[in-house]
Amino acid sequence: MATQAADMAAYFISNEDKKAIVHLVKKLADNPFIEDVMIYGKHGDILYRSENSITAKKRYHDDDSYQDFTFKPVVVDIESNDKRLGFLRVTYIEKTATLEASVLHENFMRQTMLMMILAGCMGFLLTRAFSRFSRLSVRSRQLQKTDAEESSDLN
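Fair warning: this is a prediction, and the values are worked out from it, not measured in the lab.

**Remarks on the nonpolar core**
Line of reasoning, step 1. Counting residues in hydrophobic clusters, the biggest one holds 23 residues, and the most contacted among them are Ile21, Val37, Ile39, Ile78 and Leu88.
Line of reasoning, step 2. If you list the elements that add at least two residues to this core, you get helix H1 (2–14), helix H2 (18–29), strand E1 (34–41), strand E3 (71–80) and strand E4 (83–93).
Line of reasoning, step 3. The element contributing the most residues to this core is H1, with seven residues.
Line of reasoning, step 4. With residues up to four places along the chain from it excluded, the contact list for Ile78 reads Ala6, Ala9, Ala10, Ile13, Ile39, Lys83, Arg84, Leu85, Gly86, Phe87 and Leu88.

The structure is reproduced here in structure tokens:
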């Protein structure tokens, strides 16, 4: 996601489309897995930032309110025609991403278990149904043998 955003940011920066860059930063920051988005110039100055972005020092050292979260910053070069235009930093919230993935995995496992139970029940019912036919065919063979023996005894 960060690489695609960096490619789009490169296009917008090279065309000097500030509205599009602000819109890109806002849309990226609206994602529930992303804490903040910042676009730096080629010399490290902040060009654009999301509304909820804070400095790395405050996030990782000073503020205790962020202790419950695990952040993963991803920094990607913004390049156009092999010329560096700046950097894009996207900070992901790992706990949110892994929590949703674990919920999806748990739901998948429940569905799989339900399908296995249903398949077992269907197999049991089909086995019982076909065993009746099997018993009937065995009985009919036995009756045919006894009938054939009785007819041969009469001759």
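**Regarding the pattern of salt bridges**
Line of reasoning, step 1. A complete count under the given rule lists three salt bridges for this structure.
Line of reasoning, step 2. With its nearest N and O atoms 3.0 Å apart, the salt bridge here joins Asp36 to Arg89. Residue Asp36 is found in strand E1, and its partner Arg89 is found in strand E4; the two are separated by 53 residues along the sequence. With respect to burial, Asp36 and Arg89 carry one shared label: buried.
Line of reasoning, step 3. The partner of Arg110 in a salt bridge is Glu106, and the shortest N-O contact between them spans 2.6 Å. You can see Arg110 and its partner Glu106 sitting in helix H4 (residues 94–154), four residues apart, about one turn around the helix.
Line of reasoning, step 4. With relative accessibility at 51%, the residue Arg110 sits in the exposed group.
Line of reasoning, step 5. With a relative accessible area of 42%, Glu106 lands in the partly exposed category.

**Some thoughts on the pairing of E1**
Line of reasoning, step 1. With eight of eight residues buried, E1 is to be regarded as a mostly interior element.
Line of reasoning, step 2. In this structure, E1 lies alongside E4, joined through seven bridges in antiparallel fashion. From the neighbouring strand, Val37 faces E4, where its bridge partner is Val90.
Line of reasoning, step 3. In this structure, E1 lies alongside strand E2 (residues 46–49), joined through three bridges in antiparallel fashion. Along E2, the bridge assignment pairs Tyr40 with Ile46.

**Examining H2**
Line of reasoning, step 1. Helix length check: H2 (12 residues) gives 17 Å between terminal C-alpha atoms against 16 Å at 1.5 Å per residue, within 8%.
Line of reasoning, step 2. Where H2 is concerned, the buried positions are Ala20, Ile21, Leu24, Val25, Leu28 and Ala29. Summarising the axial view, the buried residues of H2 lie within an arc of 170°, below the 170-degree limit, and thus occupy one face. Turned more than 90 degrees away from the buried face of H2 sit Lys19, Lys26 and Lys27, all of them exposed.
Line of reasoning, step 3. Those residues of H2 that are buried lie in contact with H1, E1 and E2.

**Considering the confidence of the model for the protein**
Line of reasoning, step 1. Considering every residue of the protein, the mean pLDDT works out to 81; 79% of them sit at 70 or more.
Line of reasoning, step 2. Mean pLDDT across the secondary structure elements of the protein bottoms out at helix H3 (residues 56–62), with 64, and peaks at H2, with 89.

**Regarding a nonpolar patch on the surface**
Line of reasoning, step 1. A surface patch of nonpolar side chains, amounting to about 550 Å² of accessible area, comprises Met122, Phe124, Leu125, Leu126 and Phe130.
Line of reasoning, step 2. Relative to the assigned elements, Leu126 resides in helix H4.
Line of reasoning, step 3. We classify Leu126 as partly exposed; its relative accessible area is 44%.

Rules used in this analysis
The residue numbering used here restarts from 1 in each chain and proceeds along that chain's sequence as written. With pLDDT at 70 or above as the cut-off, local features in this predicted model cover only qualifying residues; side-chain atom pairs require 80 or more to be listed or tallied, and sums for whole chains, interfaces and linings still use all residues. Side-chain descriptors were evaluated using all non-hydrogen atoms of the structure, hydrogens and water having been removed beforehand. Residues belong to one nonpolar core when they are buried, are Ala, Val, Leu, Ile, Met, Phe, Trp, Tyr or Cys, and are joined through side-chain atoms within 4.5 Å. Three labels apply to residues, based on accessible area from a 1.4 Å probe with only protein chains included: buried if under 20% of the type maximum, exposed if over 50%, partly exposed otherwise in between. A run of H or I in DSSP becomes a helix once it reaches four residues, and a run of E becomes a strand once it reaches two; helices and strands are each numbered from the N terminus. Between two residues, a contact is recorded if the distance between any of their heavy atoms is within 4.5 Å. What counts as a salt bridge is simple: a side-chain nitrogen of Lys or Arg found within 4 Å of a carboxyl oxygen of Asp or Glu. For two strands to be treated as a pair, DSSP must find no fewer than two bridges joining them. Here the expected span of a helix is defined as 1.5 Å times the quantity of residues minus one. Read the arc as the range of directions from the helix axis to the C-beta atoms. Every residue is assigned a pLDDT by the predictor, reflecting its confidence on a scale from 0 to 100. Patch membership is restricted to residues that have no salt bridge and whose relative accessible area is over 30%. Joining uses 9 Å for like charges and 5 Å for the nonpolar side chains Val, Leu, Ile, Met, Phe, Trp and Tyr. Only the protein chains shown count as cover for residues, and all accessible areas are computed by the Shrake-Rupley method using a 1.4 Å probe.

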